[in-house]
Amino acid sequence: MRSQAALANSQANSASSFGQTQSSVTVSASTDAQMAEVLAFLARRPLHTVFLTGLILDNGLVSPLNRGTFYVCRNVAGAIEGVALIGHAMMLEAHTEAAIEAFARIAQNVSGGHIILGESEKVESFWRYYSESGQTPRLFAREILFEQKWPMELHASVPGLRLATLEDLALIMPVHAQMSFDETGVNPLEVDPEGFRKRCARRIEQRRVWVLIEDGRLIFKADIIANTPHVNYIEGVYVNPAERGKGYGLRCLSQLTHHLLAHTGAVTLLVNEQNHEALNFYRQAGYKPRSRYDTIILQK
């Protein structure tokens, strides 16, 4: 699945899938009453469940802000075997093959999916079932999950690095949209401009966007997509092309990572395995490769 040569804002319909049984497991749409149990399950592997945990902590299990439905898979004894978000994004944490298959069968009935993301072996297993009658793929990519923990080297500080404000939104949006287009081939400013603006603004209001702005120019940007007690996940790390090679990226990322590690156990991010420049940059910053992930962009 990792090569294209080898493989050729919507919520799931929970009413039709609720109580669906696959082999020895039962899958149902989650409720906020299950939050403590679901979070405890996800906390068993915090590095790989940071996306799901972060969304739940931010929005709850049931919210339009999740852009999908959370499902819980249980075995015959009632114990959780898997948790998945199925909708615009499809992500899962499953401890059994039966749970992966059950989630894939539900996902086949969901239209409007955009991305499937997860550890390579789990995405490959999910895809074997889902591809039988799900949406067709448009892009496959393999990424490396990097992690930074204590101890870490702190480079020279950048006094101007700060949290973004809504006044910075006009500088941030086009940069973030271009980065999304470069990765997925979809420009959110074209397909969903109002929704994209709201999501960017909300992230700023959540105090999750860090910037370095000099003379009205965005020099550096990074977004904290998921903020959990165990792991923070960074995305959208940007250095102005005109300012690259001057140490801004390394110094800003080092300062931000140091700040985040004062409140969490690890900082992680994903890098496309074909982006050798970025891979070298994060290694230079002290980040260590931990796992391989697969991303599948779906055809609308």
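Anything mentioned here points back to the structure above.
Here, residues in each chain are numbered from 1, in the same order as that chain's written sequence. Local features are withheld for residues below a pLDDT of 70 in this predicted model, meaning they are given only at 70 or higher, and side-chain atom pairs are given and counted only at 80 or more; totals for whole chains, interfaces and linings count all residues. Only hydrogens and water are set aside; all other atoms, that is, all heavy atoms of the structure, feed into the side-chain values.

So, on to the overall build of the chain. From N to C terminus, the chain includes 10 helices and 13 strands. The C-alpha radius of gyration computed for the chain amounts to 19 Å, which stays within 12% of the reference 19 Å derived for 300 residues, consistent with globular compactness. Projected onto its principal axes, the C-alpha positions of the chain cover 60 × 35 × 35 Å. Each residue is placed in one exposure class: buried if its accessible area under a 1.4 Å probe, protein chains only, is under 20% of its type's maximum, exposed if it is over 50%, and partly exposed if it falls in between. Counting all 300 residues of the chain, 55% fall into the buried class. Starting at the N terminus, helices and strands are each numbered in turn, a helix being any DSSP run of H or I of at least four residues and a strand any DSSP run of E of at least two. Throughout, radius of gyration means the C-alpha value; the globule benchmark is 2.2 Å times the number of residues raised to the power 0.38.

With that out of the way, let us pick up the environment of S120. Counting through the fold element by element, S120 comes out in helix α5 (residues 120–130). Along the primary structure S120 and E277 are separated by 157 residues, whereas in three dimensions their C-alpha atoms are 22 Å apart. Residue contacts are counted whenever heavy atoms from the two residues lie within 4.5 Å of one another. The residues touching S120, leaving out its near neighbours within four places in the chain, are R142, R292, Y293 and D294.

Here we take up helix α8 (residues 193–205). A helix's residues, less one, multiplied by 1.5 Å, set its expected span. With 13 residues, α8 extends 18 Å from end C-alpha to end C-alpha; this agrees with the ideal 18 Å at 1.5 Å per step. Those residues of α8 lying buried are G195, F196, C200, A201 and I204. Elements that come into contact with the buried residues of α8 comprise α6 (169–184), α7 (188–191) and β9 (209–214). Two residues or fewer past α8, R207 is found with a positive phi of approximately 65°.

What follows concerns the environment of V231. Relative to the helices and strands, V231 resides in strand β11 (residues 231–239). Between the C-alpha atom of V231 and that of T53, which follows or precedes it by 178 residues, the distance is 9.6 Å.

The next point concerns the packing of helix α9 (residues 248–261) against helix α10 (residues 276–284). Contact geometry of α9 with α10 gives a least axis separation of 10 Å together with a crossing angle of 50°. As judged from the angle between their axes, α9 and α10 are oblique. Crossing angle aside, the handedness with which α9 passes α10 is right-handed. Residues G249, L250 and L253 of α9 touch α10, and the partners they reach there are F281, Y282 and Q284. Gly counts as polar in this scheme, as do all residues outside two lists: the nonpolar Ala, Val, Leu, Ile, Met, Phe, Trp, Tyr, Cys and Pro, and the charged Asp, Glu, Lys and Arg. Partitioning the contact of α9 with α10 into residue classes produces four nonpolar, two polar and no charged. Only the stretch in contact is used when fitting a helix axis, every axis being a line fitted to C-alpha atoms; angles between N-to-C directions are given from 0 to 180 degrees. Should an angle fall under 35 degrees it is called roughly parallel, over 145 degrees roughly antiparallel, and 65 to 115 degrees roughly perpendicular, with every other angle called oblique. A clockwise turn of the near helix away from the far one marks a right-handed crossing, whereas an anticlockwise turn of less than a right angle marks a left-handed crossing.

All right, on to the packing of aromatic side chains then. Aromatic pairing here means that ring centres of Phe, Tyr or Trp (its six-membered ring) are within 6.5 Å. Orientation follows from the plane angle: under 30 degrees is stacked, over 60 is edge-to-face, and everything else is tilted. Evaluation of the coordinates by the stated rule reveals eight aromatic pairs. Arranged with centres 4.7 Å apart and planes meeting at 65°, the rings of F51 and Y233 form a pair that is edge-to-face. Here F51 is found in helix α3 (residues 50–59), whereas its partner Y233 is found in strand β11, with 182 residues between them in sequence. Neither residue differs from the other here; F51 and Y233 are each classed as buried.

Right, let's get into α10. Among the residues of α10, those classed as buried are A278, L279 and Y282. Looking down the long axis of α10, one finds its buried residues gathered within 105° of arc, a one-sided arrangement. Turned more than 90 degrees from where α10 packs its buried face, H276, E277 and Q284 sit exposed. In this structure, the buried residues of α10 make contact with β7 (137–148), β11, α9 and β12 (266–272). Two residues or fewer after α10 comes G286, characterised by a positive phi angle close to 95°. Each direction from the helix axis to a C-beta atom contributes to the arc, which is the arc of those directions.

The subject of this paragraph is unusual backbone geometry. Of note, the bond from W150 into P151 is cis; its omega dihedral lies within 30 degrees of zero at -5°. Tracing the sequence through the fold places P151 in the loop between β7 and β8 (162–163). If you check the backbone angles, R207 has positive phi at about 65° while not being a glycine. When you line up the elements, R207 lands in the loop between α8 and β9. Here R207 falls in the exposed class, since its relative accessible area comes to 59%.

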